[in-house]
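Chain by chain, the residues run as shown.
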2 protein chains.
Amino acid sequence: MNASAASLIARFTKWEALDFDAGRCPVRDVLDRVGEKWATLVLIALGVRSRRFNELKRAIPDVSKRMLTQTLRTLERDGLVTRHVFPTKPPSVEYRLSPLGTSLLQPLAELIGWAERNHEAIQQTRAVFDGAAT
Amino acid sequence: MNASAASLIARFTKWEALDFDAGRCPVRDVLDRVGEKWATLVLIALGVRSRRFNELKRAIPDVSKRMLTQTLRTLERDGLVTRHVFPTKPPSVEYRLSPLGTSLLQPLAELIGWAERNHEAIQQTRAVFDGAAT
DNA sequence: CGGGATCCTGCAAGATACTG
DNA sequence: CAGTATCTTGCAGGATCCCG
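Our subject in this report is the structure included herewith. (Residues numbered from 1 in each chain as written. Chains lettered and ligands numbered in written order. Predicted model: local features only at pLDDT ≥ 70, side-chain atom pairs only at ≥ 80, totals over all residues. Heavy atoms only, no water.)

## Overview of the layout of surface pockets
Residues and elements named next belong to chain B.
Line of reasoning, step 1. Considering only enclosed or pocket space, the largest pocket measures out at about 210 Å³ in volume.
Line of reasoning, step 2. R52, F53, N54, E55, R58, T69, R73, R83, P91, S92, V93 and Y95 together form the lining of the largest pocket.
Line of reasoning, step 3. Among the elements of the structure, α4 (53-59), α5 (65-77) and β3 (92-97) are those that each provide at least two residues to the lining of the largest pocket.
Line of reasoning, step 4. Per-element tally for the lining of the largest pocket: the top contributor is α4, with four residues. (1 Å grid on protein atoms, 1.4 Å probe; cavity = no way out; pocket = protein on both sides within 12 Å on 5 of 7 lines; lining within 4 Å. Points joined across faces, edges and corners; volume = space filled by probe spheres on them. Helix = DSSP H or I, 4+ residues; strand = E, 2+ residues; numbered from the N terminus.)

So this is what it looks like as structure tokens:
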């Protein structure tokens, strides 16, 4: 147990005492974003460099245009990504990570680092669990 | 931009060069967990202390029994939580955070800390965005 | 090129009722 | 107390076609 985790636990203990309402917890917004299938990938891809719509789509081959558009709108709405239109012909639109979006990259990186370090252990545990269930 | 974020970006650049498949990315498992509505709350509540089923339910008032059971099963399957049955009458079952689950608490805490520091800015940006859309 | 509009499907998650 | 079983609904996300 480290300092940040201990602090989190202390905060939760207070929320709990106040009969907190998970539905209105503002932290949900952020966790929901992280849970969205494409949001994190878009943030990371834009962390590498600013990109145009179809550049992004090539960087993340499996995303559909629809979901990419929707993901970008959501991220823009939350101020994590900015959209810059250049009135060329045909039009070109560049997406950039905002300072806020860039700052999110750090905690995200730590979470993903944890996932990379531990996903093998998770998959083994899972195999054992599923085997025992049979 | 800090070290862990820079490292993440470097890794992504390599994935991208290898034409990576998001559907098979093992990191998804973890991000999906974080996105699940109750999983993080359960992990934090168990970080405070080990608890029994109905203790957990009281700590997180809005969760239904069904979702709590399902969430606990998933976390147990991934080895983040362990389940201990005491054959008393009536039966009592205690859930504990495993070492793996405890280690997840740290990156999670940083993400939630970020969310707490920035949710106000996000909500303001969102209000402006929605206002402009009208 | 950078989308928008529509239709469709599957799954997360809630409501309710029952049980060892 | 600690669940299971069943039904239902909302929404994420995919497929397809259209547009300036």
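## Comments concerning the sheet that holds strand β1 (residues 51-52) of chain B
Residue and element names in this part refer to chain B.
Line of reasoning, step 1. The strand order across the open sheet built from three strands is β1-β3-β2, with neighbouring strands paired in antiparallel fashion. Two strands in the sheet have a free side with no partner beyond their single neighbour: β1 and β2 (81-86).
Line of reasoning, step 2. One ladder, built from six bridges, connects β2 with β3; its direction is antiparallel. Bridge pairing in β3 places H84 opposite E94.
Line of reasoning, step 3. Taken strand by strand, helix α3 (residues 39-48) contacts β1, β2 and β3, and its axis lies near 95° from that of β3. (Pairing = 2+ DSSP bridges. Contact = heavy atoms within 4.5 Å. Axes fitted to C-alpha atoms, helices over the stretch in contact; angles between N-to-C directions.)

## Observations concerning the protein's contact with DNA strand C
Line of reasoning, step 1. Close to DNA strand C lie 19 residues; R52(A), K65(A), T69(A), R83(A) and Y95(A) are nearest.
Line of reasoning, step 2. Counting only the atoms of DNA strand C that lie within 4 Å of the protein, the sugar and phosphate share comes to 75%.
Line of reasoning, step 3. At 2.5 Å, a side-chain N or O of R83(A) approaches a phosphate oxygen of DNA strand C.
Line of reasoning, step 4. In this structure, a phosphate oxygen belonging to DNA strand C sits 2.4 Å away from a side-chain N or O atom of Y95(A).
Line of reasoning, step 5. Broken down by secondary-structure element, the contributors of at least two residues to the surface near DNA strand C are α4 (53-59), α5 (65-77) and β3 (92-97) of chain A together with α5 of chain B.
Line of reasoning, step 6. With four residues, the top contributor of residues to the surface near DNA strand C is α5(A). (Near = heavy atom within 4 Å. Polar contact = N/O pair within 3.5 Å; in protein donor to acceptor, adjacent residues only side chain to side chain.)

## Section: the sheet that holds β3(A)
All names here are of chain A.
Line of reasoning, step 1. Strand order in the open sheet formed by three strands is β1-β3-β2, and the pairing between neighbours is antiparallel. At either end of the open sheet lies a strand with only one pairing partner, and these are β1 (51-52) and β2 (81-86).
Line of reasoning, step 2. Pairing of β1 with β3, which is carried by two bridges, proceeds in the antiparallel orientation. Along β3, the bridge assignment pairs R51 with Y95.
Line of reasoning, step 3. Where helix α3 (residues 39-48) meets the sheet, it contacts β1, β2 and β3, and its direction lies at approximately 95° from that of β3.

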